Amino acid sequence: MEYSKNHRQIVEDLIGGKFILPTNKNFIELKEKEKFYEDFFKFSFGHDLIMRQDFAFLVSDETNEMLSRDVCIFFAILCYELDKDGRNFLDLINYSEFEYDQINDYFENSSYLEVVRNNSRLRDINTRNEFMDTLDRRNIIEKTGPQKFTFTTAHKNFTDFAMELAKSKTADVE
Amino acid sequence: MRIEPKTIIRFTLEYFDIIRDMFDAHVAEGLLKQEHVAEIFLKHNRNIEAQMLEYKLMRRIGNDFDLRSEYLNFLKFILEEFRPLLPEHIEKYNYSISELFRKIKDEIFGDKDVLDSRVKNISNEIREFVTAVEHNTISLLEQTRALKANLEKVDYREKVQRASFWIDYYILPLNRILDVTHNESVISKLYNISEFVNNKRLNFYDENIRQSFESLYFQLIQTNDDLLKQSRILTNELLPLIERIRTESTILSGFITFLRNPYKTQVPKMFKRKNNMVLSSNAALNAKAFMEQFAKDDTIYLEDLIDNNDKWIFDIDYFKGKLREQLPVNNFFDWAATTLEKEYTAIESDKLFALTTLLFEEDLQLEFDEKKKNKKIKTDEYTLKVPNITVSNYGIF
């Protein structure tokens, strides 16, 4: 059986919890051999491979997985604060560069300060900076400098979640 | 008494701030309420009610007032403040233009004055249609941009509602009116008219009417350009902009719902990394070995091995019995060799060693004379040198 040239890198990245993005050459390889990798991860480790237009990542059935919740809280608060600031958050997340200080300002002055303080990853500057390093390792953000970053297309996993949640709530009301 | 146009223009210029406020109040309420007019005059410390009525720019309706539609339109035009018309309103031009065109075609050889008048009427209708479309696009674009900038601090839910409303009731129907691929759209009809008019401007028998057709034809060319421009604004700018507002507001609405109960809402799954990595430096080999079990190789059939040889089991009681029958035995190994030959026709090493264990039976007495020479016994595998051992019973048997 022939393995792709970057097989090891693909497996290491996905098992390491990274989002593989269309800007990465491995994404094309993964897309071309989607069925193979789906079976590979399912049979080998029991994980599901999720392939979307803008990213690919692995999903495990761990019920105590907390990072995803914290990422959702992070995006929710950031979007809310950017909007409150009169800014078009979707444009900013798609196209702008952020600085750690700017993010920290939004969180320190957030209307959801209670949620921030009660979250172990987001409660203060140090934990937030570590959290953003985690986002970088997972390819949810891409660092452009020691304290600067842009969001990758992986953010759509979380904005899509919000959209679905809003739609399901609307449907409930109707 | 007829008022000089310049007088009205001069008056408008001089009191423009007051007139602007009156215009805003009229647009907001649909008419000018007396108390609002009084407030405006008080604010500017000037009452222009008498001139407004005298110049016929305003009329009284009961206790309230109404800006005359011509003046209102003029103000809308110079202020570029148009309320978007519902597409049904614009669609009415579809009927009037179609009807005039049908009559022009049917009665092309009828009364020349009537024909000329119809050509000019259709020209007016087309002009009004284009103006209505332009005004709608301008007003929708301005309102959308304002919503995007959100200077009014509109609630995100209302943003979704407004964006959805504009899309569903104004933008998409307007887009359909301007859809060149749709046969019944106004713009498609204008193409047909243009084709007909182009023909007539070249070969209609009457010079004056030919010129009217000529004017209409060039107007239609310009109209086509204008409408295409409006269509491009709608599809390239307005629709994406308003869709983005709707998307953004929906996302925000979802996040706010989530933040109400962030620990009880089901979130998207993510991968939980293990500290003990599944991968090692031999990952590639391990993965290969793992995957190869799923590889489709040629089928191999393995037959069960059948061992036909009965495994020999040493029956100690049987051989002990045999030995007892012959006691005393002068040379144990001679006896063993002879017994095996009798029983199995050959002396096998394993069997000889098995019989040797009889020497350790407690009820047998052994004597070993060192002076006697060792004897040789040939088995199927070896030639063994064995001592001379005499076996007898303990006591009286």
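Throughout, residues of each chain are indexed from 1 in the direction in which the sequence is written. Naming scheme: in the order in which they are written, chains are lettered from A and ligands are numbered from 1. It should be noted that, the model being predicted, local features are given only for residues of pLDDT at least 70 and side-chain atom pairs only at 80 or more, the latter also being counted only at that level, while totals for whole chains, interfaces and linings use all residues.

Q: Looking at this structure, I do not really get the overall build of chain A. What am I missing?
A: Each helix and strand in chain A was counted, giving nine helices and five strands. When the helices and strands of chain A are listed from N to C terminus, the series reads α-α-α-β-β-α-α-β-α-α-α-β-β-α. Across the 174 residues that make up chain A, the buried fraction comes to 36%. The contact rule is simple: place each C-beta atom from the backbone, and if two of them lie within 7 Å, those residues are in contact. Long-range contacts, defined here as pairs at least 24 residues apart, represent 51% of the contacts in chain A between residues at least 6 apart. Runs of H or I in DSSP of at least four residues are treated as helices and runs of E of at least two as strands, each being numbered from the N terminus. Each residue is classified by how many other C-beta atoms fall within 10 Å of its C-beta atom, where C-beta atoms are placed from the backbone; a count of 20 or more means buried, 12 or fewer means exposed, and values in between mean partly exposed.

Q: Mind showing me how you'd approach the overall build of chain B here?
A: Summing up its helical and strand segments, chain B has 14 helices and six strands in all. Scored against the burial criterion, the 397 residues of chain B give a buried share of 23%.

Q: Is there a simple way to think about the interface of chain B and chain A in this case?
A: The interface of chain B with chain A comprises 32 residues on the first partner and 40 residues on the second. Where the side of chain B that touches chain A is concerned, the elements lending two or more residues are α10 (207-260) and α11 (283-292) of chain B. Sorting elements by how many residues they give to the side of chain B that touches chain A places α10(B) first, with 13 residues. Each residue receives one of three labels: charged for Asp, Glu, Lys and Arg, nonpolar for Ala, Val, Leu, Ile, Met, Phe, Trp, Tyr, Cys and Pro, and polar for the others, Gly being one of them. Partitioned by chemical class, the residues of the side of chain B that touches chain A number 19 nonpolar, six polar and seven charged.

Q: Hey, could you run me through the packing of helix α9 (residues 186-203) of chain B against α10(B) in this one?
A: Each pair of packed helices gets described by two things: the angle between the helix axes and the distance between those axes. Residue and element names in this part refer to chain B. It is the contact of α9 with α10, at a shortest axis distance of 9 Å, that shows an interaxial angle of 150°. One element, α9, and the other, α10, form an angle in the roughly antiparallel class. Read as a crossing pair, α9 and α10 show a hand that is left-handed. Between α9 and α10, the residues in contact are I187, L190, I193, S194, V197, N198, K200 and R201 and R210, F213, E214, L216, Y217, L220, T223, N224 and L227, respectively. Only the stretch in contact is used when a helix axis is fitted, and all axes are lines through C-alpha atoms; the angle between N-to-C directions ranges over 0 to 180 degrees. Should an angle lie under 35 degrees it is considered roughly parallel, over 145 roughly antiparallel, and from 65 to 115 roughly perpendicular; all remaining angles are considered oblique. The hand of a helix crossing depends on one turn: near helix anticlockwise from the far one by less than a right angle means left-handed, and clockwise means right-handed.

Q: I'm lost on the nonpolar core in this one. Help?
A: Where a protein is soluble and globular, its nonpolar side chains tend to be buried together. By definition, a nonpolar core groups buried Ala, Val, Leu, Ile, Met, Phe, Trp, Tyr and Cys residues that are joined through C-beta atoms within 7 Å. In this structure, A:A76, A:C79 and B:F255 are the most contacted members of the largest nonpolar core, which totals 94 residues. The leading source of residues in this core is α10(B), at 14 residues. In this view, B:F255 contacts A:F75, A:A76, A:C79, A:Y80 and A:A162; residues no more than four positions away in its chain are not counted. Residues B:M22, B:M52, B:M58 and B:L67 belong to the second largest nonpolar core, which totals 13 residues.

Q: How should I be thinking about the environment of B:Y205 in this particular structure?
A: Residue and element names in this part refer to chain B. Relative to the elements of secondary structure, Y205 occurs in the loop between α9 and α10. Residue Y205 is classed as exposed on the basis of its 9 C-beta neighbours within 10 Å. For Y205 and F109, which are 96 residues apart along the polypeptide, the C-alpha to C-alpha distance reads 9.6 Å.

Q: Looking at this structure, I do not really get the sheet that holds strand β4 (residues 141-145) of chain A. What am I missing?
A: Pairing between the strands of a sheet comes from backbone hydrogen bonds, and it takes one of two forms, parallel or antiparallel. All names here are of chain A. With antiparallel pairing, the three strands of this open sheet are ordered in space as β3-β5-β4. Every interior strand has two partners, whereas the edge strands, β3 (97-99) and β4, have only one. Each adjacent strand pair in this sheet contributes to an overall mean axis angle of 40°, direction not counted. The sheet contact formed by β3 and strand β5 (residues 148-151) spans three bridges and is antiparallel. The residue of β5 that forms the bridge with E99 is K148. Helix α8 (residues 125-137) rests against β4 and β5 of the sheet, and its axis sits at about 110° to β4. The criterion for strand pairing is that DSSP finds at least two bridges linking the strands in question.

Q: Would you mind going over the confidence of the model for chain B with me for this structure?
A: It should be kept in mind that the predicted coordinates are not to be read in detail where pLDDT is low. With 88% of its residues at a pLDDT of at least 70, chain B reaches an overall mean of 82. Scored as a whole, the predicted complex attains pTM 0.55, and scored at its interfaces, ipTM 0.92. pLDDT is a residue-level measure of predictor confidence that goes from 0 to 100.

Q: How should the packing of helix α6 (residues 100-108) of chain A against α8(A) be read in this particular structure?
A: Residues and elements named next belong to chain A. Orientation of α6 relative to α8, taken along the N-to-C sense of each, is 125°, at an axis distance of 11 Å. By the angle class used here, α6 and α8 are oblique. As for the relative orientation of α6 and α8, their crossing is right-handed in sense. Of α8, the residues touching α6 (which contributes Y100, I103, N104 and F107) are I125, R128, N129 and M132. When grouped by side-chain class, the residues that make up the contact of α6 with α8 number five nonpolar, two polar and one charged.

Q: Help me understand unusual backbone geometry in this model?
A: Apart from glycine, the bulk of residues carry a negative phi angle, and the bulk of peptide bonds sit in the trans form. All names here are of chain B. Omega for the peptide link from L327 to P328 comes to -10°, which places this bond in the cis form. Locating P328 in the fold gives a position in the loop between α12 (316-326) and α13 (332-344). Although it is not a glycine, T345 sits at a positive phi angle of roughly 65°. Inspection of the secondary structure assignment puts T345 in the loop between α13 and α14 (349-356). We classify T345 as exposed; it has 7 C-beta atoms within 10 Å.

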